[in-house]
Structure formats: structure tokens, C-alpha cells
Amino acid sequence: MNVPEDRRYTDQHEWGLVEDGKLRIGITDYAQDALGDVVFVDLPAVGNHVDAGSTVAEVESTKSLAEVYAPVSGTVANVNSALTSTPELINRDPYGEGWFLIIEMDDPSQVEGLLDAAGYKALIT
Amino acid sequence: MPSQSPLHAAHERLGARFTDFGGWEMPLQYEGTLAEHRAVRTRCGVFDVSHLGRFRLAGPDAHGLVSRLLCNDIDRIEPGRAQYTMLLDDGGGVVDDIIVWWLEDADFLVLPNAGNSDEIVERFRSAAPMGTRVEDRRSETALIAVQGPDSAAILDQAVGVHPSRFRVEAGEGPSPMIAAGTGYTGERGAEIVIESGHAEAVFSRVVEAGARPCGLGARDTLRLEMGYPLWGQDLDRETTPLEAGLDWVVGWDHDFVGRDALARQRDEGLRKRLVGFALEDRRVPRHGYPLRAGPAAGSVSSGNFSPTLEVGIGMGYLAPDPGENVDSVEVAIRGEWIAAPRVNPPFIGH
């Protein structure tokens, strides 16, 4: 499984990449592989406030329904609207075009509490 | 320990992901359910369905047993044909839905569902008089389904036989087999019983001829698009074939277990009725989600994403019977009631 070194991870299989002080969020290669073909994504409205650990999106695959949790607290600054018509981007490119949303963090130091690539790799192997 | 198909090692080499189904460890998918679904709709796929029951029923009373125990009328067909039918209980509830292959006058192959096989075998054994044999063939054979618009050419090349719809034919060539023009996908194709020792060779020839290996994930979305019921979800002992909208499976012109109860229900009305529906977006209705239409309520029996229509589709039971005139239902998806036009399956044009 691919686990890029440039970002942080949660034990619920989300990734977060810090960009310009904001956190871009998606699900890991391991998560998309376990879910199978993704067919629908329910994304939050821009401007919503989310707490770390709360449900921020839902993903339906041909197999099951999964929740995506916010790795940090903050305000939804942007969502990947391409996922609405082409949710298969999540399977094809989970760390790139398959991103979910961007959060304007309440407290950027929360990122330090997330797993690094080595820690996440240890969790899934 | 779950049972394994004679093709298990072949699936592992193909990178299959497995799931438990009726006590059997069977491929859920190889590379992906959507691609496998589309392969069957546009070209051809091959499924290992060795978990399904299959037993030989032969002897002087074989025809009589099939006729008395099963609700479809075997005399609607003739030897060399297959028929979809059901075993009901005295109350008309569906104990199992079954395919019967009529091989020769007094020789049948009966195919119940995986999880019901032992019970159906037992029912036939205890009803069979001396001289009529019930031989469970599940441990000595594999069963594969080759399905899709290109299946005839692939079957010709790989196994030398492609039975037309509901016809049963013995295979030619080096591997003993029996094939029937049946399936669970809505596409042309065949289901083939093969001696276990030849199963890998036949499966490989079918794959080499161009059929894509497909798992039970795609089998489920394919059958749902056709509105075909799955026992345990859409059918069970609490449900009659009339409530399931499967009146055509009931052969009223003969006597069978459960006939009196069904006849009463036909006269007095249904307790509940199966309805189909299609959402207007990609949201996915799933088994157990609440369903309603006016005063009628119930739950989704089967639901998933339709890869062909690219919307969520499903079916479920409503009680009291909402009748034929209800043209819209509501389904609760994660607590939110969503209106969905009623659709009488099949959901896709076939």
C-alpha cells in the first residue's frame, strides 16, 4: 500500500496535507482498497464548522457505507465537487485528485498529534 | 471452517478477494465490482457459483416429486429444459427458490441456494420412495456461470456447447459437463456443472477465451438491476411468491405443497407487496432501510448502486399492500426520507 511521506494520517485511515496553513483531507490507499468501488460521496457545505473526530463526509461503495472523520477541528474552506459526478477518483488517485475537502484549522498545532507515514504504515501492516 | 470451491486456488492466483456466502468462501471481487459488472453487460464474465446446491434426482418417482414438492408446474416444460421454481411451506412461505434442470424423463438436477441445500436435499430424501435416488453432487463438482452478450462465442470456443435460453445440453470434448442456458444476470449465457477434477481446466479455457472473472459483488448488482430476488433478503418463509410479485412461478394447474394457502391469499388479498424504486441520484439504499408509501410501511429488502443507470435502486416490502396505483415511495437513507419513483423491475431495459 502506498503511504506518501509528505503528509499525516489518522488511525481511521484519513490523510491530511498542510498547504498554506490549511489542511487538505482525503482517505488513504488502504481505505479505498478496503471499501471497493466508491459510487457516492456526501460532502459537507463550505463554511460548516467541524470538530476533530466528528463525521465530516460519508462514502458509499458497492460493498458498504463508511464515514470520514475530521482529523482536526476547523471550518470547511473548500470541497472537491468533482467527486459528486466522478467518485471513482477516490479509487484511482486517493492522494491526489481524489481529495475530499480543505479545512481552515482552528489550531494548526493539532496536526502534530496525527500519525506520520511510518506510524500509519505500522498500523496497516 | 467455510467450504471452498474446487476453483479456490485458481481464484487466489487471480488475486480474488473472498467473502463468506452461505457457509462458503467465494470470490467477492477480483479487480473491482463495477468493472466486472460492466464486463458482463457489454462482453462476457465468468462466475464461480460452486456454493449453490445441486443434486441428482433420478428414478420412477422423480417427476412426481418435482411436481408435488415444487410450486411451478414441471409439465410446462419437457426433458432438456430448465425451470425456475420454489419449494413452499404449508403456509405458502418460500422455503427456497430453486432451478430444476430436466435432464431425461426420470432424471433431474435440482439447484437450491447454498445455505438451504442441506434442508432441500433432506426434504426430497424423506419424500422419495424406494428406487428414487437423491444424490448430492456438490462435493464432486464445480458450477460456473458464463454470462454476457459474447458468451455464446466464448462457450463455443472453450467448452463446445452454448445452450439457448433454458435449454439443457451435455457438453462435448475432453471434460464431462452439463450446461443449461440459465443465469442470474439478465444476460445470455450458461451455467455449467463440471466434475471437480476438470473444473480448473474448463475455468481457464473460459477465461482464456475472453471471459472476465467476476465475483459475487457483481453478481449481486447484476441480479438487482433485473429485479431477481435473493433468498434471505427478498424471499423467505414469511413471504409468498404472490407477495413477491412472482405469480408466474405458481403453476395453479397442479397440486403442490402450499397450494391451499396460496389460493386463499389469492382470494383474500396480500398482506404485503414487493415494490421496486429508483432514486434520482447516486445515493445507495441498503437492506433494512425503512420504506414507506402513504399508510404503508416496510423496509428495503435489496438495494445498491446500479452501475448501468448510475443511480441507487432497490426493492422492498410494504404493508398493508399499497396496490398497483402507488407511483412513488420514500426511503430513509441514514435518517433522511427521500422520495423515489416506483419502478416495476427490471430496472434496466432487457
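Residues numbered from 1 in each chain as written. Chains lettered and ligands numbered in written order. Predicted model: local features only at pLDDT ≥ 70, side-chain atom pairs only at ≥ 80, totals over all residues. Heavy atoms only, no water.

Undergrad: Is there a simple way to explain empty space enclosed by the protein in this structure?
TA: The gaps of empty space that remain are located by a probe, the size of a water molecule, rolled over the atoms. Residues and elements named next belong to chain B. For the structure on display, the rule yields one cavity of 30 Å³ or more. The calculated volume of the largest cavity comes to roughly 30 Å³. Residue lining of the largest cavity: Ser-151, Ala-152, Leu-155, His-162, Pro-163, Arg-188 and Gly-189, and that is the complete set. Top contributing element to the lining of the largest cavity by residue count: helix α5 (residues 151–159), with three residues. When grouped by side-chain class, the residues that make up the lining of the largest cavity number three nonpolar, three polar and one charged. (1 Å grid on protein atoms, 1.4 Å probe; cavity = no way out; pocket = protein on both sides within 12 Å on 5 of 7 lines; lining within 4 Å. Points joined across faces, edges and corners; volume = space filled by probe spheres on them. Helix = DSSP H or I, 4+ residues; strand = E, 2+ residues; numbered from the N terminus. Nonpolar A, V, L, I, M, F, W, Y, C, P; charged D, E, K, R; others polar.)

Undergrad: Explain the pattern of salt bridges to me, please; I cannot follow it from the model alone.
TA: Note that side chains of opposite charge can pair when their charged atoms are close. Under the definition given, this model contains 31 salt bridges over all chains. Residue Arg334(B) pairs with Glu60(A) through a salt bridge whose shortest N-O separation is 2.7 Å. Of this pair, Arg334(B) sits in the loop between β19 (328–333) and β20 (336–341) while Glu60(A) sits in strand β6 (residues 55–61), on two different chains. Arg334(B) sits in the partly exposed class, given a relative accessible area of 27%. Classification of Glu60(A) as buried rests on a relative accessible area of 0%. If you follow the salt bridges from partner to partner, you end up with Asp42(A), Glu58(A), Glu60(A), Arg286(B) and Arg334(B) in one network. (Salt bridge = Lys/Arg side-chain N within 4 Å of Asp/Glu carboxyl O. Buried < 20%, exposed > 50% of the residue type's maximum accessible area, 1.4 Å probe, protein only.)

Undergrad: I keep staring at a negative patch on the surface and nothing clicks. Help me out?
TA: On the surface, Asp51(A), Glu104(A), Asp106(A) and Asp107(A) cluster together into a negatively charged patch. In this fold, Asp51(A) is placed in the loop between β5 (49–50) and β6. (Patch = residues over 30% accessible without salt bridge, like charges linked within 9 Å, V, L, I, M, F, W, Y side chains within 5 Å. Areas by Shrake-Rupley, 256 points an atom, 1.4 Å probe, with all protein chains shown as cover. Lys, Arg positive; Asp, Glu negative; His and termini not counted. Charge placed at Lys NZ, Arg CZ, Asp CG, Glu CD.)

Undergrad: Teacher, can you tell me more about the pairing of strand β2 (residues 14–19) of chain A here?
TA: In regular strands, side chains alternate between the two faces of the sheet. Residue and element names in this part refer to chain A. Sheet topology note: the strand β1 (residues 8–9)/β2 ladder contains two bridges and is antiparallel. Residue pairing across strands places Arg-8 opposite Gly-16, the latter belonging to β2. Hairpin connection from β1 to β2: four residues lie between these consecutive antiparallel strands, with His-13 at a positive phi of about 75°. In this sheet, strand β3 (residues 22–27) lies alongside β2 in antiparallel orientation, the contact comprising six bridges. Looking at β3, one finds that Glu-19 is bridged to Lys-22. Linking β2 back to β3 in an antiparallel pair, the connection comprises two residues, with Asp-20 at a positive phi of about 50°. (Pairing = 2+ DSSP bridges.)

Undergrad: Would you mind going over the domain arrangement of chain B with me for this structure?
TA: Size of an interface, as often reported, equals the accessible area lost when the parts are brought together. Residues and elements named next belong to chain B. Considered domain by domain, chain B is made up of domain 1 (3–52 + 138–225) and domain 2 (55–120). Computed over C-alpha atoms, the centres of domain 1 and domain 2 are 22 Å apart. Counting residues at the interface gives 17 residues for domain 1 and 15 residues for domain 2. In total, domain 1 and domain 2 occlude about 1,200 Å² of area from one another, counting both sides; carbon and sulfur atoms represent 65% of this. There are one salt bridge connecting domain 1 and domain 2. (Domains from an automatic or database assignment. Contact = heavy atoms within 4.5 Å. Buried area = accessible area lost by both parts, 1.4 Å probe.)

Undergrad: Would you mind going over the interface of chain A and chain B with me for this structure?
TA: Tallying the contact residues gives 17 residues for chain A and 15 residues for chain B. Between chain A and chain B, roughly 1,300 Å² of surface is buried when both sides are summed, and carbon and sulfur atoms account for 47% of that area. Run the count over chain A and chain B and you get five salt bridges. Arg17(B) is paired through a salt bridge with Asp33(A); the nearest N and O atoms lie 2.9 Å apart. Our count for the contact surface shared by chain A and chain B stands at 11 residue pairs in polar contact (both at pLDDT 80 or more). Of the residues belonging to the side of chain A that touches chain B, the class tally is five nonpolar, six polar and six charged. (Polar contact = N/O pair within 3.5 Å; in protein donor to acceptor, adjacent residues only side chain to side chain.)

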